[in-house]
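# Geometric and topological summary
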Amino acid sequence: NTVPAFEAALSQGADAVEVDAWRTADGQVVLFHDETSDRTTNRPGWTITQTAFADLLTASAGAWKGRAWADAGIPTLTLCAELVPPGRGLVVEIEEGPQVVSDILGAIAPAGLGAQQVMFISKNLDTAAEAKRQAPDHRTLWVVDTTPR
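Residues numbered from 1 in each chain as written. Predicted model: local features only at pLDDT ≥ 70, side-chain atom pairs only at ≥ 80, totals over all residues. Heavy atoms only, no water.

With that out of the way, let us pick up the pairing of strand S4 (residues 118–122). Among the five residues that make up S4, five are buried, leaving the element largely enclosed by the rest of the structure. Across the two faces of S4 the burial is the same, with Val118, Phe120 and Ser122 and Met119 and Ile121 all buried. Pairing of strand S3 (residues 89–94) with S4 involves four bridges; the strand directions are parallel. Bridge pairing in S4 links Val91 to Met119. In this structure, S4 lies alongside strand S5 (residues 139–142), joined through four bridges in parallel fashion. Note on S5: the bridge partner recorded for Ser122 is Trp142. In this fold, the crossover linking S4 to S5 by way of helix H5 (residues 125–134) has right-handed handedness. (Buried < 20%, exposed > 50% of the residue type's maximum accessible area, 1.4 Å probe, protein only. Helix = DSSP H or I, 4+ residues; strand = E, 2+ residues; numbered from the N terminus. Pairing = 2+ DSSP bridges. Right-handed = clockwise from strand over helix to strand, strands pointing away.)

Below is the structure:
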């Protein structure tokens, strides 16, 4: 969920890159694995959906991996969608509820990717259904977790 990771996957020949999308407090769609900044940034204590994008820009999302990645920030979905070359794909896991689907679609639109290049996945059935309703030509999958808890 960082630009260096995204670029590394593509440079190694990945057919597609999977990302986790969240909407910030001020409506920006960003890529981040977790709901909070605790595990993978130098700015613990932030909930992604309750934090402004400008604040998230001050965090390093790569320093925990090593010094070489310390400058990797939290990217927007738009930025990474624009990095997808022809013939490759983007798998967007929508981490929130159906209310963010239109923002996810709006964030991808500037990249001009075809429906065959973008797939949506969600662990929330209502979110997957809304993605399919709003983007019927895109593949949409409901991810079911059957792990006993």
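Next comes the rest of the account.
Inspection of the secondary structure puts His33 in the loop between strand S2 (29–31) and helix H2 (53–56). For His33, a relative accessible area of 46% translates into the label partly exposed. A sequence separation of 13 residues divides His33 from Asp20, and the C-alpha atoms of the two residues are 5.5 Å apart. Every residue in contact with His33, bar those within four places of it in the chain, is listed here: Asn1, Asp20, Trp22, Arg39 and Glu95. At 2.6 Å, the side chain of His33 and the side chain of Asp34 are in polar contact. In this structure the side chain of His33 is engaged in a polar contact, spanning 3.4 Å, whose partner is the side chain of Arg39. (Contact = heavy atoms within 4.5 Å. Polar contact = N/O pair within 3.5 Å; in protein donor to acceptor, adjacent residues only side chain to side chain.)

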